[in-house]
Structure formats: C-alpha cells, structure tokens
Amino acid sequence: MLAATTRAADDTVTDALDPKAMREPLPNAWYCIGQAATLKPGGMRPVELNGEQIVVGRDASGALFAMRDRCPHRGMALSKGRFDGSTVMCPFHGWRFGTDGRCRDVPTLSETDSSDFSRIVVQRFPVIESAGFLWINPYLGPAVTEDIPAVPELGFEAAGCLVVELVVEASFDLTTLSLVDPGHVAFVHDSWWFRPSKELREKVKTFIPVPHGFVMSSHATTKSSPVYKLLGGVPDVEIEFRLPGVRLERIVAGDKRVANYTFATPLSNNRTMLTNALYWSMPLLNLLKPVARPLMRQFLTQDQQVLQHAQAGLDRKPTMVLLGQGDLPSQWYFRLKREALEAARAGRSFENPLSRQELRWRS
Ligand code: FES
Ligand SMILES: [Fe+2]
C-alpha cells in the first residue's frame, strides 16, 4: 500500500511504501496453486499459500478439496498421511478426516471412552479449477458479500500448453509489479529471441479499465518479437492485468490463438511463485515445446534474478520512486489493491478507480 504520495510539477511521484503492508497480498482473492492435471483422483499434496500450510486433494469421484495441513490432535501435517479417496488419515495417531474437514474416526478411543470427536473440524478453503490450474482463496476473515476477482479462463481449445513455475525470493507486490512494468523489458529480457533490437522506441498504448484491473487494448504489433512471427502475419495482442496478480496476454492472428498467462502466488512474506502458462491452438506448435521450455524458463529466471536483488534493496529501505507514464501501471496496481481493501472493509462493492488513458513511454 502507498503510505504517502507526493507529486511534483515534473510528474515525479515518490511513494513511501509501508514495509509491512508492502508484503501483504490481498487476503480475499483466488491464487493459482499449481496445475490441475497433476492432481489425480485419490491424490493429495501440500501447498504453501500466503503463510498457510494447506493440503489440496481430489477425491475418488474427482471432486477437489483443500484444508489446513494440520491435524487438530497434535499439529501433524495431514499431507504426510494417507488418503484413500474419501478420508485422510493422520500418520501420527491415525485420526481420520473427511474431505469436508470433519473428524470421522479416532481409532485409539476405547468403547468405554465417552469423548465425542464428531465436532472436531479441520479448516477448509475453497478450491476451484480453471484454465488448467487449481485456485485457492486462503481468506479466513468474516464473510463478505463482495464478489472476489474471478479466476481467469482460457476461452479457446488449446492444442498444447507449456507451464513453467519459479519461486522468487521477493514480496508479492514487488513481483506483481513486474507484470505491469513496461520499463524493465528492454533491460531485463534482452535475449535475442525475445528482444532482438537494443534500441528504445517510443510506445503509445491505450489502457482501459476492466472489472478488477486494466487492459492494454488490442493493437497490431508490427516490428515486434520474433516469437510473434511464428503466427505468420501481424497479430492482435491484448494484455490484461487483474487483481490479485494475474497477467493475461492474448494473441489472435486469424483463427490462430496463443495465450500467455502469468500468475503471481504469495507463498509466504518474502517468497512468491511465478507461474507462466503458454497455450496455443495450433497442433504443429507442439513440436516446438522442447525448444520453448528452456526459453520460457530463461525469461522467468531473468525476472527472478532482478527481483531478488531489488528486494534486498527494498529490505534496506522500503521506498520506491515511481516516475513517468511508464510507471503509472505500477501506481494503478496499488490503487486497485487499496480499493479492494477499502471496499472489503466498508462492506461495499469494488469500484475500479481507474479511467481510460493513453500512456507514452520508451521501451
Ligand atoms: S497428531 Fe494427528 S492423530 Fe495425533
Ligand atoms: Fe519481466
């Protein structure tokens, strides 16, 4: 959150970021916790999300569940136990829990024991599946009526998908800012295959508010990345950012579709997972998968390295100077986040504080 903002005549904006709030992701929102296909019926796995330890699983019928990864008896991680497709057995003393979180059995009780275990419940979390990923909302506060940002959908039949996940030792906010920051691309992502020209060029783009974020309107890219050349022709590209930390790049060329989705997930205070998913509609592109995977990993590693060094600097002094129109999307992120927090506190609907704007910068 912005603790203070001062605006000078030359459009310089200095934001003093409260170091504590800076590390707090939106509490009531859906976060990507990994690929859906890797969780088979009868399977479960531990997940770290916003400081919570959660076990997520799929019962024998395919239904998802997520609950706190902590046995109420003595705190054992339930994910270390066994799941038979309907109940999870704690490996410490054999207590069993249904996927609804209710205790079903305490095998060590004697028949003469009058203890009632049916009221023992493990905290559950909502979990859903979309665009090939699992999403959990880790919110545990009082019930609110406000609609929380919806999870992204794909919108076309993918012939293939490539997913790379990377953990960044940086706060959720700093990592998420990199998803809306045009200024770093020429300096951080300067690989030949992505950014062949070293020259900075003036860019003019129109930004339009969407329900929980903003979209850089669809435009014809001409002298752009060689990656686009694979599509044959000049594609239309649309880049949407939405809370809590979701970037959706959609590329359309005739009947061909490519989508590059990036999700930021807060694991703990200072660790954020970046998930990048590239989907395409053309079966032929599946052949490029072995080549594309290391390139995508290289791209994410470039962000990871620079973010970790920047986090070290922010740990020493948690202030940023946001300057010029290229930094406006970063300021919008904080405005959107503040509005989400204020709306939740006031019990009112989220109202996007942004308006349509044309931005110019060099990148
Ligand atoms: S700690 Fe889980 S059964 Fe004892
Ligand atoms: Fe980046």
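Quick note: structure is the one above.
These numbers were taken from a predicted model, which means no experiment stands behind them. (Residues numbered from 1 in each chain as written. Chains lettered and ligands numbered in written order. Predicted model: local features only at pLDDT ≥ 70, side-chain atom pairs only at ≥ 80, totals over all residues. Heavy atoms only, no water.)

Chemist: Quick question: what am I supposed to make of the coordination of the iron ion (ligand 2) here?
Modeler: For a metal bound by four donors in a tetrahedral arrangement, the ideal donor-metal-donor angle is 109.5 degrees, while six donors in an octahedral arrangement ideally sit at 90 or 180 degrees. At 2.1 to 2.6 Å from the iron ion (ligand 2) lie its protein donor atoms, namely His184 (NE2), His189 (NE2), Asp303 (OD) and Asp303 (OD). Each of the four donor atoms bound to the iron ion (ligand 2) contributes to angles spanning 54 to 152 degrees, and the resulting shape is irregular. (Donors = N, O, S within 2.8 Å, 3.2 Å for Na, K, Ca; no water. Tetrahedral: all angles 85-135°; square planar, octahedral: opposite > 155°, others 65-115°.)

Chemist: Looking at this structure, I do not really get the packing of aromatic side chains. What am I missing?
Modeler: Two descriptors summarise a pair of aromatic rings, namely the distance from one centre to the other and the angle between the planes of the rings. A complete count under the given rule lists 13 aromatic pairs for this structure. The interplanar angle of 75 degrees and the centroid separation of 5.3 Å between the aromatic rings of Phe133 and Phe263 together place this pair among those described as edge-to-face. Of this pair, Phe133 sits in strand β12 (residues 133-136) while Phe263 sits in strand β18 (residues 256-268); the two residues are 130 residues apart in sequence, bridging distant segments of the chain. Judged by relative accessible area, which is 1%, Phe263 ranks as buried. (Phe/Tyr/Trp six-rings, centres within 6.5 Å; stacked < 30°, edge-to-face > 60°. Helix = DSSP H or I, 4+ residues; strand = E, 2+ residues; numbered from the N terminus. Buried < 20%, exposed > 50% of the residue type's maximum accessible area, 1.4 Å probe, protein only.)

Chemist: Looking at this structure, I do not really get the sheet that holds strand β7 (residues 82-83). What am I missing?
Modeler: By definition, the strands of a sheet pair up through backbone hydrogen bonds, in either a parallel or an antiparallel sense. One open sheet accounts for four strands, arranged β7-β8-β9-β10; its pairing is antiparallel. At either margin of the open sheet sits one strand with a lone partner, and together these are β7 and β10 (103-105). As paired strands, strand β9 (residues 96-98) and β10 are joined by two bridges and run antiparallel to one another. Across the sheet, residue Arg96 finds its bridge partner in β10, namely Asp105. (Pairing = 2+ DSSP bridges.)

Chemist: How should I be thinking about the pairing of β12 in this particular structure?
Modeler: Along any regular strand the residues' side chains alternate between the sheet's two faces. With burial as the criterion, each face of β12 is covered, one bearing Phe133 and Trp135 and the other bearing Leu134 and Ile136. Here strand β3 (residues 31-35) pairs with β12 via four bridges, running antiparallel. The partner of Tyr31 across the bridge, within β12, is Ile136.

Chemist: It is not clear to me how the nonpolar core should be interpreted in this structure. Could you clarify?
Modeler: Across soluble globular proteins, nonpolar side chains show a tendency to be buried alongside one another. The biggest cluster of nonpolar side chains holds 57 residues, and the ones touching the most others in it are Val56, Ile136, Phe214 and Leu243. Viewed by domain, this core spans two of them, domain 1 (31-136) and domain 2 (160-362), each represented by three or more residues. Core analysis: the next-biggest nonpolar cluster, separate from the first, contains 16 residues, Phe156, Leu248, Phe263 and Ala277 among them. (Core = buried A, V, L, I, M, F, W, Y, C linked by side-chain atoms within 4.5 Å. Domains from an automatic or database assignment.)

Chemist: Explanation requested: the layout of surface pockets in the structure shown.
Modeler: Remark: the empty space left among the atoms is shown by a probe the size of a water molecule rolled over them. Each pocket or cavity is described by its volume, and for the second largest pocket that value is around 330 Å³. The wall of the second largest pocket is formed by 18 residues, among which Leu174, Asp181, His184, Leu307 and Ala310 lie closest to the centre. Taken together, the elements giving at least two residues each to the lining of the second largest pocket come down to α2 (172-177), α3 (185-188), α5 (289-316) and β20 (319-323). Among the elements that line the lining of the second largest pocket, the one with the most residues is α5, at five residues. By residue class, the composition of the lining of the second largest pocket is eleven nonpolar, four polar and three charged. (1 Å grid on protein atoms, 1.4 Å probe; cavity = no way out; pocket = protein on both sides within 12 Å on 5 of 7 lines; lining within 4 Å. Points joined across faces, edges and corners; volume = space filled by probe spheres on them. Nonpolar A, V, L, I, M, F, W, Y, C, P; charged D, E, K, R; others polar.)

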